[in-house]
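# A look at the structure
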Amino acid sequence: MTKPHILQVGPYPQWDEEPLNAAFDVHRYFDAADKAAFLQTVGPQIRGIATRGELGANRAMIQACPKLEVISVYGVGFDAVDLEACRERGIRVTNTPDVLTNDVADLGLAMMLCLSRGMIGAETWVRDGSWAAKGLYPLKRRVWGRRAGVLGLGRIGFEVAKRLKGFDMQISYSDTGPKDYASDMTFVADPVELASGCDFLFVTLAASAATRHIVGEKVIAALGAEGMLINISRASNIDEEALLSALETGKLGSAALDVFEGEPKLNPRFLALDNVLLQPHHASGTIETRQAMGKLVRDNLMAHFAGQPLLTPVL
Ligand code: 8YV
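Nothing here was measured: the structure is a model prediction, and the numbers come from that model.

### A closer look at the overall build of the chain
- Of the regular secondary structure elements, the chain holds twelve helices and twelve strands.
- For 315 residues, the compact-globule estimate of 2.2 N^0.38 gives 20 Å, and the chain sits close to it at 21 Å.
- Reported as C-alpha extents along the three principal axes, the dimensions of the chain are approximately 70 × 50 × 30 Å.
- Put simply, the chain has 315 residues, and 50% of those count as buried.
- Considering only contacts within the chain whose residues lie at least 6 apart along the sequence, 58% involve residues at least 24 apart.
- Where the 32 positive side-chain charges of the chain centre and where its 37 negative ones centre are 1 Å apart.

### A word on the side chain of Arg-234
- Tracing the backbone shows Arg-234 in the loop between strand E10 (228-231) and helix H11 (240-249).
- When residues no more than four places from it in sequence are discounted, the contact partners of Arg-234 are Gly-53, Glu-54, Gly-77, Asp-79, Ala-207, Val-259 and His-281.

### A look at the nonpolar core
- The biggest cluster of nonpolar side chains holds 41 residues, and the ones touching the most others in it are Met-112, Val-160 and Leu-164.
- The set of elements that each furnish at least two residues to this core consists of strand E4 (70-74), helix H5 (101-116), strand E6 (147-151), helix H8 (155-165), strand E7 (170-174), strand E9 (200-203), E10 and helix H12 (287-305).
- At eight residues, H5 tops the list of elements feeding residues into this core.
- Excluding anything up to four places from it in sequence, Met-112 contacts Val-143, Leu-164, Met-169, Phe-200, Phe-202, Met-228 and Ile-230.
- Ranked by size, the runner-up nonpolar core spans 26 residues in total, among them Leu-201, Val-219, Ile-238 and Phe-270.

### Topic: the site of the ligand
- Around the ligand, the structure places 13 residues, and the nearest of them are Glu-54, Val-76, Gly-77, His-281 and Ser-284.
- A distance of 3.4 Å separates an oxygen atom of the ligand from a polar backbone atom of Tyr-74.
- The separation between an oxygen atom of the ligand and a polar side-chain atom of Ser-284 is 2.4 Å.
- When the free accessible area of the ligand is taken as 330 Å², the share hidden by the protein chains comes to 96%.
- For the shell around the ligand, the residue count by class is four nonpolar, five polar and four charged.

### A closer look at the pairing of strand E2 (residues 25-28)
- Sheet analysis places strand E1 (residues 5-8) next to E2, joined by four bridges and oriented parallel. Bridging across to E2, His-5 finds its partner in Asp-25.
- Once the chain exits E1 it traverses helix H1 (residues 14-23) before rejoining the sheet at E2, and the crossover so formed is right-handed.

### Details of the domain arrangement of the chain
- When cut into domains, the chain gives domain 1 (5-99 + 288-305) and domain 2 (101-278).
- The distance between the C-alpha centroids of domain 1 and domain 2 comes to 31 Å.
- At the junction of the two partners, domain 1 supplies nine residues and domain 2 supplies seven residues.
- On the domain 1 side of the contact with domain 2, Asp-79, Asp-98 and Thr-289 bury the most area, a combined 59% of that side's loss.

### Notes on the packing of aromatic side chains
- All chains considered together, the criterion is met by six aromatic pairs.
- For the pair Phe-158 and Tyr-181, a centre-to-centre distance of 5.4 Å together with 85 degrees between the ring planes defines the contact as edge-to-face. Taken together, the residues span a long stretch of sequence, with Phe-158 in helix H8 and Tyr-181 in the loop between E7 and strand E8 (186-187) at a distance of 23 residues.
- We note Lys-35 situated over the ring of Tyr-29; from NZ or CZ to the ring centre the distance is 5.7 Å.
- Above the face of the Trp-144 ring, Arg-142 is positioned so that its terminal group lies 4.0 Å from the ring centre.

### Focus: the sheet that holds E10
- If you trace the seven strands from one edge of the open sheet to the other, you get E8-E7-E6-E9-E10-E11-E12, paired in parallel fashion. The outermost strands of the open sheet, each flanked by one partner alone, are E8 and strand E12 (276-278).
- Here three bridges tie strand E11 (residues 254-257) to E12, and the two strands are oriented parallel to one another. From the neighbouring strand, Leu-257 faces E12, where its bridge partner is Leu-278.
- Sheet contacts for H8: E6, E7 and E9; angle to E6, the most-contacted strand, approximately 170 degrees.
- This element, H11, spans E10, E11 and E12 of the sheet and lies at about 135 degrees to E11.

### Quick word on the packing of H1 against H12
- Interhelical geometry of H1 versus H12 gives an angle of 10 degrees and a closest axis separation of 10 Å. As the angle between them shows, H1 and H12 are arranged roughly parallel. Mapping the contact onto sequence places Trp-15, Asp-16, Pro-19, Leu-20 and Ala-23 in H1 and Ile-287, Arg-290, Gln-291, Gly-294, Lys-295, Arg-298, Leu-301 and Met-302 in H12.
- Residues of the contact of H1 with H12, tallied by class, amount to seven nonpolar, two polar and four charged.

About the thresholds
In every chain, residue numbers begin from 1 and rise along the written sequence. Only residues with pLDDT of 70 or above have their local features reported here, since the model is predicted, and side-chain atom pairs are shown and tallied only from 80 upward, although totals for entire chains, interfaces and linings are computed over all residues. Side-chain figures throughout are based on the complete set of non-hydrogen atoms in the structure, without hydrogens or water. Per the convention used, a helix needs a DSSP run of H or I reaching at least four residues, while a strand needs a run of E reaching at least two, with both numbered from the N terminus. C-alpha atoms define the radius of gyration, and 2.2 Å times the number of residues to the power 0.38 defines the globule rule. Accessible area is worked out with a 1.4 Å probe on protein chains only. A residue is then buried under 20% of its type maximum, exposed over 50%, and partly exposed in between. The criterion used for residue contact is that any of the two residues' heavy atoms lie within 4.5 Å. None of His or the chain ends enter the tally, which takes Lys and Arg as positive and Asp and Glu as negative. Charge placement uses NZ in Lys and CZ in Arg. For Asp and Glu, CG and CD serve respectively. Among buried residues, the Ala, Val, Leu, Ile, Met, Phe, Trp, Tyr and Cys ones that are joined through side-chain atoms within 4.5 Å form a nonpolar core. Nearness is judged by heavy atoms alone; a residue qualifies as near a molecule or strand once a single heavy atom is within 4 Å of it. Counted as a polar contact is a pair of N or O atoms within 3.5 Å, where, for protein atoms, one must be capable of donating a hydrogen and the other of accepting one, and residues adjacent in sequence contribute only when both atoms are in side chains. Only the protein chains shown count as cover for residues, with accessible areas throughout obtained via the Shrake-Rupley method and a probe of 1.4 Å. As a working rule, the residues Ala, Val, Leu, Ile, Met, Phe, Trp, Tyr, Cys and Pro are called nonpolar, Asp, Glu, Lys and Arg charged, and the rest polar, with Gly in that last group. A pair of strands counts as paired when DSSP detects no fewer than two bridges linking them. Call a crossover right-handed when, viewed with both strands pointing away from you, the route from the first strand across the helix to the second goes clockwise. Domain ranges listed in this record stem from an automatic or a database domain assignment. The quantity reported as buried area is the accessible area (1.4 Å probe) lost by two parts once they are put together, taken as the sum for both. Stacked, tilted and edge-to-face are the three classes assigned to paired rings of Phe, Tyr and Trp, where Trp is represented by its six-membered ring and a pair needs centres within 6.5 Å; plane angles under 30 degrees give stacked, over 60 edge-to-face, the rest tilted. By the criterion adopted, a ring carries a charge over it if an Arg CZ or a Lys NZ lies within 6 Å of its centre and within 35 degrees of its normal. The axes are straight lines fitted to the C-alpha atoms, using for helices just the contacting stretch, and the angles between their N-to-C directions are given from 0 to 180°. Should an angle fall under 35 degrees it is called roughly parallel, over 145 degrees roughly antiparallel, and 65 to 115 degrees roughly perpendicular, with every other angle called oblique.

Here's what the structure looks like:
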């Protein structure tokens, strides 16, 4: 029996490549020198797309595949998939929620601790001889017992809040409405008010056109010169120009960022700042989690082509 033709938009670890190629006839979009020509050639036979959260599938790619039935996203964020284009043709969409939730929350907490306690600088202080030459490392700021805000109390935001409780922090959150599973936290409807009442603001909400720049100049100013912004969602949730300006002028104390506009080519202004922690979009980047994500991508595709229910449908 012929294997379904799949367009693979971005690279996966080798442990995913083998089973994906065993189950499907895979066409590697990311290897093509002329991607438009490649799509024109292979698009007519493509029945499924295997993509990554940050790569998605835009309308042009979807339209180049007239037989497309399903898009499987390696990641929980599906904001880079043109859902409207999928709805118009009844194309199914899946993602990989839950399997990555805890890793992403773990890295969010690690970023807060690492930046607040100055761990990157402290490592250099030891390695470059400063400790011996200059003495004690400069004092930094504590985390435990201070105030944390979570913007978006979905799967990842809830796990972040759960971890924050372990630091005896005062936790508030903002979402579309109060959550019955968060009775021990304070609901704050307005993100500006949320930011004004916390020292650490976690941005954890799913990105969409509705959330674009939800963290703008007013939220950033409300977080203020003593505040830290931690973004483990999508860059589009933050007005990056306002963020950079506030970090450069000291209107915002610091930021720990795992995602950037134009990544991996982030704005060079970030590289000149000493009040940021920069991470390469790897909040879910552990062997265990990425193996689970890759399997879920394949299992969704195989379920679709076997006429079985999708495991984690978005659309
Ligand atoms: C993924 C992410 O690891 O889950 C998402 O949406 O952005 C990351 O956690 C990434 O999409 C993999 O390419």
